[in-house]
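So the chains spell out like this:
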Amino acid sequence: MVLKIFIPFVCFVLGLFQASIGLANDADPIPFEIEALDHLKLSVDQILATIQDPKFTQDPDEQEQIFYTRAMELFDFKTFSMLSLGRKFKFFTKDQKESFVYYFSKLISQTYFTQLAGKDVQNVTIQYMENRPLKPKKNMFRTDILTQISQGEKQIQVTYRMIKKKTRDWKIYDIKVAGVSMAANYREQYRQKLSQTPEAIIIELREKVEK
Amino acid sequence: MNRRKIEIYVGLFVIIGVITMGYLILAIGEVSFFPKNQYLLHGYFASATGLKQGARVEIAGVEIGTVSSICIDKERLVAKVVFRINGDMELSDDSIVSVKTAGIIGQKYIDISPGGSDDILEDGDEIDNTESSLDIESLVRKFIFAPDKP
């Protein structure tokens, strides 16, 4: 009789215990901004390791290809392009948007990543200062990661603006250097060219990339 | 009788003068008895130096609203700026807001660069893309104390 009552009671208590553990695990997922920070740290470390690798290819074409692949992994070029084009993005057709994103990603990779090859990055240190999550919207999470990059006595503040859409990885959609946004800078340039058609913008971008 | 006429004229003159004066005060102070259809947006800035309440909010140099209030966000310790935007002006959620200066030593104002997103900002929404005012002093300091200066 005692066993008949005792066994179900123990099962019930164990069940409650397991359920509470389960609830505790569900209630404490890793905050999304920490996930973004970890992803950024890993990506930056990988790029620095690639440049410092003594076996890193000396062929400029191969270097460009490697950096382009890395840039594609690290950046959300669709959002970056949209932010850079501003209002003009609305007047692009689907194909024109794809072409713009392709050449824009090539331009960013060539301008900023390829320049890193052969540079001394031994004493470059990155301090991750602050992580400012933004209000999530439409299955989209965003956070601003404030860093201070130092090389010797030189210091500069760089903010990485990161985004995560649905099941995709965290990616950078804008970079602010000393408070100046890269996307805002491109948008200002495109805003000045009032009469430029989407085709003309893409042709100009393609010529810059192929130079 | 004549005296009474003069008094009436003087009285009318004073009344017209007071009404004109009152109209001028309201017009210069941009006070409206019929509140415009407007909505509020806000943004956070690392620095809102020189920006004043009532400053212009512009798109392409055309006024579309004013700065409603400026205060410190006690949690983040950054400036929170609230804008009052004209109701007929639709702004997408990827608009970029910058604190700019009219001329070299002119007044600060807010410039909005409209975005291309289909999501439109509504009353009480936050604009995420903000650029603070340029701090000339810190730029000069960086230039003067640059370690690799010859």
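The coordinates are above.
Attention in this report is confined to the structure presented alongside it.

Rules of the game
- Residues numbered from 1 in each chain as written.
- Chains lettered and ligands numbered in written order.
- Predicted model: local features only at pLDDT ≥ 70, side-chain atom pairs only at ≥ 80, totals over all residues.
- Heavy atoms only, no water.
- Pairing = 2+ DSSP bridges.
- Helix = DSSP H or I, 4+ residues; strand = E, 2+ residues; numbered from the N terminus.
- Axes fitted to C-alpha atoms, helices over the stretch in contact; angles between N-to-C directions.
- Salt bridge = Lys/Arg side-chain N within 4 Å of Asp/Glu carboxyl O.
- Buried < 20%, exposed > 50% of the residue type's maximum accessible area, 1.4 Å probe, protein only.
- Phe/Tyr/Trp six-rings, centres within 6.5 Å; stacked < 30°, edge-to-face > 60°.
- Left-handed = near helix turned anticlockwise from the far one by under 90°.
- Contact = heavy atoms within 4.5 Å.
- Nonpolar A, V, L, I, M, F, W, Y, C, P; charged D, E, K, R; others polar.
- Expected span 1.5 Å × (residues − 1).
- Arc of directions from axis to C-beta.
- Core = buried A, V, L, I, M, F, W, Y, C linked by side-chain atoms within 4.5 Å.
- Buried area = accessible area lost by both parts, 1.4 Å probe.

## A few points about the sheet that holds strand β1 (residues 38-45) of chain B
Residues and elements named next belong to chain B.
Step number 1: The seven strands are arranged β1-β4-β3-β2-β6-β5-β7 in an open sheet whose pairing can be described as mixed. Strand pairing shows two members of the sheet lacking a second neighbour, β1 and β7 (129-131), which therefore form its edges. The average angle at which neighbouring strand axes cross in this sheet is 30 degrees, direction not considered.
Step number 2: Two elements, strand β5 (residues 96-101) and strand β6 (residues 108-113), share six bridges in a ladder whose sense is antiparallel. By the bridge assignment, Ser98 is partnered in β6 with Asp111.

## Quick look at the pattern of salt bridges
Step number 1: Applying the stated criterion across every chain, the model contains 18 salt bridges over all chains.
Step number 2: Note that Glu130 of chain A is salt-bridged to Arg132 of chain A, the shortest N-O span being 3.2 Å.
Step number 3: For Glu130 of chain A, a relative accessible area of 34% gives the class partly exposed.
Step number 4: Assessed through its relative accessible area of 21%, Arg132 of chain A is described here as partly exposed.
Step number 5: Here Asp128 of chain B makes a salt bridge to Arg142 of chain A, at a shortest N to O gap of 2.5 Å. On the criterion of chain membership, the pair formed by Asp128 of chain B in the loop between β6 and β7 and Arg142 of chain A in strand β2 (residues 140-151) is interchain, its members lying in two chains. As far as burial versus exposure is concerned, Asp128 of chain B and Arg142 of chain A are alike and both buried.

## Focus: the packing of aromatic side chains
Residues and elements named next belong to chain A.
Step number 1: Under the criterion given, the structure shown has 12 aromatic pairs over all chains.
Step number 2: Between Phe100 and Tyr190, the ring centres sit 5.9 Å apart and the planes meet at 70 degrees, which makes this aromatic pair edge-to-face. On the criterion of sequence distance, the pair formed by Phe100 in helix α5 (residues 94-113) and Tyr190 in helix α6 (residues 182-192) is long-range, its members being 90 residues apart.
Step number 3: Take Phe100: its relative accessible area is 0%, and that puts it in the buried class.
Step number 4: Of the residues examined, Tyr190 reaches a relative accessible area of 6% and is grouped as buried.
Step number 5: Plain terms: the ring middles of Tyr102 and Tyr103 are 5.1 Å apart, the flat faces sit at 70 degrees to each other, and that makes the pair edge-to-face.
Step number 6: The exposure class of Tyr103 is buried, given its relative accessible area of 16%.

## Considering the packing of helix α3 (residues 60-74) of chain A against α5 of chain A
All names here are of chain A.
Step number 1: At a minimum axis separation of 9 Å, α3 and α5 run at an interaxial angle of 115 degrees. Viewed along their axes, α3 and α5 form a crossing whose handedness is right-handed. Residues Glu64, Gln65, Phe67, Tyr68, Ala71, Met72 and Leu74 of α3 touch α5, and the partners they reach there are Tyr102, Ser105, Lys106, Ser109, Gln110 and Phe113.
Step number 2: Taken together, the residues that form the contact of α3 with α5 break down as seven nonpolar, four polar and two charged.

## Notes on helix α7 (residues 198-210) of chain A
All names here are of chain A.
Step number 1: Counted at 1.5 Å a residue, the expected span for α7 with its 13 residues is 18 Å, and the 18 Å between its end C-alpha atoms agrees.
Step number 2: For α7, the full list of buried residues reads Pro198, Ile201, Ile202, Leu205 and Val209. Viewed along the axis of α7, the buried residues span an arc of 95 degrees, placing them on a single side of the element.
Step number 3: Here the buried face of α7 lies against α4 (77-85), α5 and α6.

## Digging into the nonpolar core
Step number 1: One finds Phe75, Phe77, Phe80, Phe100, Phe104, Met162 and Ile172 of chain A to be the most contacted residues of the largest nonpolar core, which totals 47 residues.
Step number 2: Broken down by element, the residue count for this core peaks at eight residues, all from helix α2 (residues 32-52) of chain A.
Step number 3: Residue contacts for Phe80 of chain A: discarding those within four places in its chain leaves Phe75, Phe104, Ile108, Tyr173, Asp174, Met182 and Ala183 of chain A.
Step number 4: By size, the runner-up hydrophobic cluster in this structure holds 21 residues, among which are Ala48, Ala55, Leu91 and Leu121 of chain B.

## Observations regarding the sheet that holds β2 of chain A
All names here are of chain A.
Step number 1: Here we have five strands laid out as an open sheet, ordered β1-β2-β3-β4-β5, and antiparallel in their pairing. Every other strand in the sheet has two partners, leaving β1 (124-133) and β5 (180-181) as the edge strands with one partner each.
Step number 2: Two strands pair when backbone bridges link them, and β1 and β2 are joined in this way by nine bridges, in the antiparallel orientation. When the bridges of β2 are listed, Arg132 appears paired with Asp144.
Step number 3: Relative to the sheet, α2 contacts β1, β2, β3 (154-165) and β4 (171-177), its axis offset from that of β1 by approximately 160 degrees.

## Some details on the interface of chain B and chain A
Step number 1: Contacts between chain B and chain A engage 23 residues on the former and 22 residues on the latter.
Step number 2: Together, the buried faces of chain B and chain A total about 2,000 Å²; carbon and sulfur atoms form 43% of this surface.
Step number 3: Our count for the contact surface shared by chain B and chain A stands at six salt bridges.
Step number 4: Put simply, Lys90 of chain A and Asp118 of chain B hold a salt bridge, and the shortest N to O gap is 3.1 Å.
Step number 5: Mapped by element, the contributors of at least two residues to the side of chain B that touches chain A are β5, β6 and β7 of chain B.
Step number 6: For the side of chain B that touches chain A, the per-class residue count stands at five nonpolar, seven polar and 11 charged.

## Here's the deal with the pairing of β3 of chain A
Side-chain positions along a regular strand alternate between the two faces of the sheet.
Residue and element names in this part refer to chain A.
Step number 1: Note that β2 and β3 share 12 bridges and pair antiparallel. In the sheet register, Ile145 faces β3, and the bridge partner there is Tyr160.
Step number 2: Between β2 and β3, which pair antiparallel in sequence order, lie two residues; one of them, Gly152, sits at a positive phi of approximately 65 degrees.
Step number 3: Two strands pair when backbone bridges link them, and β3 and β4 are joined in this way by six bridges, in the antiparallel orientation. Among the inter-strand pairings, Arg161 is bridged to a residue of β4, identified as Asp174.

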